[in-house]
Amino acid sequence: MTPTQQPAPSGAPLPALATAPAPSRPRVEAHGIDVIPDAERHGRARDLFALWCAPNISYLSVVVGGALVLLGLELWQAIAVAAAGCLFSVVTGIVAIPGPASGTPSQVTTRAMYGVRGNRVAIAVNGWFVSVCYIAINWAAAAAVGYALLQHFGVPVGTPVKLLVIAAIATATVTVAIFGQGMISRLYPLLSLLLGIVFLVMSGFVVARADVGFAQPAPLHGPALWAAVLGGVTLVAAAPLSYTISSDFARYLPPDTSPASVATATAFGGAIPGFVLVSVGALAATAVDISDPQAGLISMIPSWFVPVFLVAVIVSTVSNNALTSYSAGLALQSVGVPLSRARAVAVTGVLGAVLTLYALFVSDFLGAVSSALSMLVVLMGPIMAVYVTDIVLRRGRYDGPALSDVSSTSRFWFTGGVNLAGAVSVLAAAGLALLCAHTVEFRGPIAVGLGGIDLSLPVGVLVAAGLYALLTRILYGFPTTASEKP
C-alpha cells in the first residue's frame, strides 16, 4: 500500500510526501502528528508486547532494585515493592488505547484533557522536558557502562574517550528515532529476544550467588518502614508513569483493534521485565555492595560474560531512549515548533547529550537517578491520572480529525483554548503531592509531619483523578459529547 500525503492540521508542520518503503530498506517515517490514514494501519495488538519489552529490559531497573535494599527493606519487602510499583504498567497500557481509535499520538490526544492552548504548555513540560530528563539519565547510565566495557579490554578512558562514547550512544539512539515507526517495529522484536536472553543469563548468575536469607542489620519499623516502602514504590512506579507516550506506538494499528488487547500487550511488555529486573537488583544487593551498581554486578558474573552483558546494557538503553526521543520529537511539533519530526528528534538529542554530560561530570549518578525519579512522580502521577480518567470518561472514543483542529472553533477549544478541568486538576494535585514529597533534595511539610512518609504518589493520583472527573461534569457536562465520535 502506498502512503498518501495528508493535509497537516493548522499549526503542524507539513508532512513530506512518502512512498511505499521497500521491505529490506526502511525509510524515514513521513508522518508526524498528523492522523494516520486507515489505509496505512496494520499490525496486531500483540505486536506491542515486544515493542515495549525491549526498552523495559533495563539496567536502571536493576539499579532501582538495589536501591530498595539500600533504603533498608528486607529482601521479601523489596520484591513486594517491585510488584506493587510494576502494577502501574496497567496505566501505561490504558494510555495506549486512544492510539488505534484516533490515529493520533498522545501529544495530540491530550488536547482533549487540556484544550488546544493548554496542551501546548502541558506537552512542553511533560511531553518534552521530562522526556529529555529521562534521555539524559539513561544515557548517563549507558555511558558509564561503556567506560567499563572499554576498561575491560584495557582501553584507557580519558575525557576524549568518554565524549566519544556519549556521542556514539546518542547517535545510535537518535538514528533509530529519526527512522521512526518502521524501523522500531522491525527491530524491537529481535532486540526483545536477544536482550531477554542476555539479561536472563545475568539473572541466573545473580540468583546463584544471592543470599536469600538476607536480613537487614537494623530492620525498619513503624514510620521508617512505611517511608521506605512508599519511597520504593515511587521509585519503581516512576518508569511506567513516565510512559504517557504509549499511544504513539499504537496509532498505526487498525481502528477496530480491541482496546483490551492493546492495553494488555502494552502493560505486560513493561511489567514483566520490570518486575524481574527490579527483583534481580534486590537479590544482587544481598550479596554485594550495590551502591556501585556496575562494580557490584560485574563481580557476580564470569569474566567471559562481562562484555556480553555490558553491550546488552548499552543496547537496552538505546532501545529505551529511541522511543523517548521519537515521542519527544512529536511533542515539539505538538507544542508548535515549526520543525519536521526528524529535525525535532535531532534537537532533542542534542539537549539530551548536554544534560548527560552534566549528569556524568557534575552530579552523583545514583543520587541523581533517585532524586529525579522521585521528584518527577510529583508531576507525572497527576498527569497520568488525568489521562486515564479521561479515557474512562470517554470510553476510549477519540476523534482524530477533531483533535487535529487547533482553530478557535475546535471541539477541544473549551474555555479560551484551555480545558480548565484538566489544568486545575493537575496543578492542584501536583501542588498537594509536592507537600507530601520526601526525597533527598526536598522534604514537604506534610511528609515531615508524618515522620518522612512520602505520600506524593497516592495523593497526586487520587486527587487528580477525582477532581478531574468532578470538574469535567460541572464545567462541561458528562459525557462530553463534543469530544466523542458522532
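Bear in mind that the values here come from a model prediction, so they are computed numbers and not experimental data. (Residues numbered from 1 in each chain as written. Predicted model: local features only at pLDDT ≥ 70, side-chain atom pairs only at ≥ 80, totals over all residues. Heavy atoms only, no water.)

Now for the overall build of the protein. Within the protein, the secondary structure is distributed over 20 helices and 0 strands. In summary, the protein has a C-alpha radius of gyration of 22 Å against a globular reference of 23 Å for 486 residues, a match within 12%. Over its C-alpha atoms, taken along the principal directions, the protein stretches across nearly 65 × 55 × 40 Å. Among the 486 residues that make up the protein, the fraction classed as buried is 57%. At a minimum sequence separation of 6, the contacts of the protein that also span at least 24 residues come to 85%. (Helix = DSSP H or I, 4+ residues; strand = E, 2+ residues; numbered from the N terminus. Rg over C-alpha atoms; globule rule 2.2 N^0.38 Å. Buried < 20%, exposed > 50% of the residue type's maximum accessible area, 1.4 Å probe, protein only. Contact = heavy atoms within 4.5 Å.)

Taken together, the side chains of Phe49, Leu200, Phe268, Ile272, Phe275 and Val276 make up a nonpolar region of the molecular surface, amounting to roughly 520 Å² of accessible area. Looking at which element gives the most residues to the nonpolar patch, the answer is helix α12 (residues 259-285), with 4 residues. Looking at the element boundaries, phenylalanine 49 is found in helix α1 (residues 47-56). Using a relative accessible area of 31% as the deciding quantity, one classes phenylalanine 49 as partly exposed. (Patch = residues over 30% accessible without salt bridge, like charges linked within 9 Å, V, L, I, M, F, W, Y side chains within 5 Å. Areas by Shrake-Rupley, 256 points an atom, 1.4 Å probe, with all protein chains shown as cover. Salt bridge = Lys/Arg side-chain N within 4 Å of Asp/Glu carboxyl O.)

Here we take up the confidence of the model for the protein. With 90% of its residues at a pLDDT of at least 70, the protein reaches an overall mean of 87. Taken as a whole, residues 1-24 scores under 50 in pLDDT and shows 38 contacts with residues more than four places along the chain or in a different chain. (pLDDT = per-residue confidence, 0-100.)

Take the environment of valine 354 next. Tracing the sequence through the fold places valine 354 in helix α15 (residues 341-361). Residue classification places valine 354 among the partly exposed positions, given a relative accessible area of 47%.

If you look at the biggest cluster of nonpolar residues, it comprises 124 residues, and the most contacted ones within it are Met202 and Phe309. The biggest single contributor to this core is helix α8 (residues 116-152), with 13 residues. Residues Ile123, Trp128, Leu332 and Ala344 belong to the second largest nonpolar core, which totals 7 residues. (Core = buried A, V, L, I, M, F, W, Y, C linked by side-chain atoms within 4.5 Å.)

Two elements in contact, α8 and α15, have axes whose closest approach is 8 Å; the angle formed by their N-to-C orientations is 55°. The orientation of α8 relative to α15 falls into the category oblique. Between α8 and α15 lies a crossing whose hand is right-handed. Taken together, the residues of α15 that come into contact with α8 (itself represented by Trp128, Val132, Ile135, Ala136, Trp139, Ala140, Ala143 and Tyr147) are Thr348, Gly349, Leu351, Gly352, Ala353, Leu355, Thr356, Ala359 and Leu360. A class-by-class count of the residues in the contact of α8 with α15 yields 13 nonpolar, 4 polar and no charged. (Axes fitted to C-alpha atoms, helices over the stretch in contact; angles between N-to-C directions. Parallel < 35°, antiparallel > 145°, perpendicular 65-115°, else oblique. Left-handed = near helix turned anticlockwise from the far one by under 90°. Nonpolar A, V, L, I, M, F, W, Y, C, P; charged D, E, K, R; others polar.)

Moving on, we get to the side chain of serine 410. Within the element layout of this structure, serine 410 appears in the loop between α17 (400-403) and α18 (420-435). Here aspartate 405 takes part through its backbone oxygen, which lies 2.9 Å from a polar atom of the side chain of serine 410. Among all residues touching serine 410, those that are not within four sequence positions of it are Val116, Ala402 and Asp405. (Polar contact = N/O pair within 3.5 Å; in protein donor to acceptor, adjacent residues only side chain to side chain.)

Over its 27 residues, α12 runs 39 Å from end to end, which matches the ideal 39 Å to within 8%, given 1.5 Å per residue. Most of α12 sits inside the fold, with 19 of its 27 residues counted as buried. (Expected span 1.5 Å × (residues − 1).)

Turning next to the state of the cysteines. Overall, the coordinates contain 0 disulfides when judged by the stated rule. Free of any disulfide, cysteine 53 has its nearest cysteine sulfur in cysteine 86, 12 Å distant. Assessed through its relative accessible area of 11%, cysteine 53 is described here as buried. (Disulfide = S-S within 2.5 Å.)

Right, let's get into the pattern of salt bridges. For the structure shown, the criterion picks out 5 salt bridges. Of the charged contacts in the structure, one is a salt bridge between aspartate 47 and arginine 44, with a shortest N-O distance of 3.3 Å. With relative accessibility at 34%, the residue aspartate 47 sits in the partly exposed group. With a closest N to O distance of 2.6 Å, aspartate 390 and arginine 394 form a salt bridge.

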